[in-house]
Amino acid sequence: MARYRILVLNGPNLGALGVRQPDIYGSVGMDAVPGLVGQVLGAGASGVELEFFQSNGEGVLIDRLEQARRDGVDGVVLNAGAYTHTSLALADCLAWIGLPCVEVHLSNVLARSEPLRQKSYIGRHVIGVVAGFGITSYALAVQALVLHLDQSNARQSPAATPV
């Protein structure tokens, strides 16, 4: 049984990873992510259940985040695509659902030439950002989220009682 359920949520145009603009986003698709998570987490990967979801619709992404909260998902790895830079609605959802979330970008958004792509509306509602490592960014985000969840659980566990 998995220790953590993590939703990997992708926004618009990310259903075509590996095909869409490989010069920017790489030529590897989401099907590589579980293997990369296994490489990064090693034996710890067996304690992580990944759920994948992609939509081009902003409202559908919000609905999925709200469903993740109701379902007791432990955390979210989110590549909101262009909604990162434009969606107050997605940011508002992240602000209230109470799930730890790591923002992911395949490219280094801070190095992109368009100033709009250097701004994130969702960034203030996530625990961290992983950007610029291509598809490996997802595995690194899962690793960061698992470490965060482990640390949170350790803080919540009662201290060992001396015998």
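What counts, and where the lines are drawn
- Residues numbered from 1 in each chain as written.
- Predicted model: local features only at pLDDT ≥ 70, side-chain atom pairs only at ≥ 80, totals over all residues.
- Heavy atoms only, no water.
- Helix = DSSP H or I, 4+ residues; strand = E, 2+ residues; numbered from the N terminus.
- Rg over C-alpha atoms; globule rule 2.2 N^0.38 Å.
- Buried < 20%, exposed > 50% of the residue type's maximum accessible area, 1.4 Å probe, protein only.
- Contact = heavy atoms within 4.5 Å.
- Areas by Shrake-Rupley, 256 points an atom, 1.4 Å probe, with all protein chains shown as cover.
- Lys, Arg positive; Asp, Glu negative; His and termini not counted.
- Charge placed at Lys NZ, Arg CZ, Asp CG, Glu CD.
- UniProt positions renumbered as here; feature names shortened; annotations may be inferred.
- Phe/Tyr/Trp six-rings, centres within 6.5 Å; stacked < 30°, edge-to-face > 60°.
- Lys NZ or Arg CZ within 6 Å of the ring centre and 35° of its normal.
- Salt bridge = Lys/Arg side-chain N within 4 Å of Asp/Glu carboxyl O.

What follows deals with the overall build of the chain. A count of helical and extended segments in the chain gives five helices and five strands. Taken against the 2.2 N^0.38 rule, which gives 15 Å for 163 residues, the C-alpha radius of gyration of the chain at 16 Å falls within 12% of a compact globule. In terms of overall dimensions, the chain has a C-alpha envelope of 60 × 35 × 25 Å along the principal axes. When the 163 residues of the chain are sorted by exposure, 43% land in the buried category. For the chain, restricting intrachain contacts to residue pairs at least 6 apart in sequence, the fraction spanning at least 24 positions comes to 80%. Split by element, the accessible area of the chain, about 8300 Å² in all, is 54% carbon and sulfur. Between the mean site of the 11 positive side-chain charges and the mean site of the 13 negative ones, the chain shows a separation of 5 Å.

With that settled, consider the UniProt feature "active site" (unreviewed entry) in the chain. Within the UniProt annotation, "active site" (unreviewed entry) is assigned to Tyr25 and His105. Taking the farthest pair of C-alpha atoms as the criterion, the annotated set spanning 81 residues converges on one region, since that pair is 9.0 Å apart. You can see Tyr25 is positioned in helix H1 (residues 22-25). Leaving out residues up to four positions away in the same chain, Tyr25 has contacts with Leu17, Arg20, Leu106, Arg112 and Arg117. In this structure, His105 sits in strand E4 (residues 101-105). Apart from residues lying up to four places away in sequence, His105 is in contact with Asn79, Thr84, Val129, Val130, Ala131, Gly132 and Ser137.

Here we come to the packing of aromatic side chains. For the structure on display, the rule yields zero aromatic pairs. Above the face of the Phe53 ring, Arg64 is positioned so that its terminal group lies 5.9 Å from the ring centre. Sitting over the ring of Tyr121, Lys119 keeps its end group 5.1 Å from the ring centre.

This part takes up unusual backbone geometry. With a phi close to 70 degrees, Asn13 is a non-glycine residue in the positive phi region. The partly exposed category is assigned to Asn13, whose relative accessible area is 43%. Of note in this structure, Gln21 is not a glycine but carries a positive phi near 40 degrees. Among the structural elements, Gln21 can be located in the loop between strand E1 (4-10) and H1. Its relative accessible area of 38% is what places Gln21 among the partly exposed residues.

Going through the model one piece at a time under the given rule, you end up with three salt bridges. When the shortest N-O distance is used, the salt bridge between Arg64 and Glu51 registers 3.0 Å. Residue Arg64 is located in helix H3 (residues 58-71), and its partner Glu51 is located in strand E2 (residues 48-54); the two are separated by 13 residues in the primary sequence. For the pair formed by Arg64 and Glu51, the shared burial category is buried. Residues joined in a network through salt bridges with shared partners are Arg5, Glu51 and Arg64.

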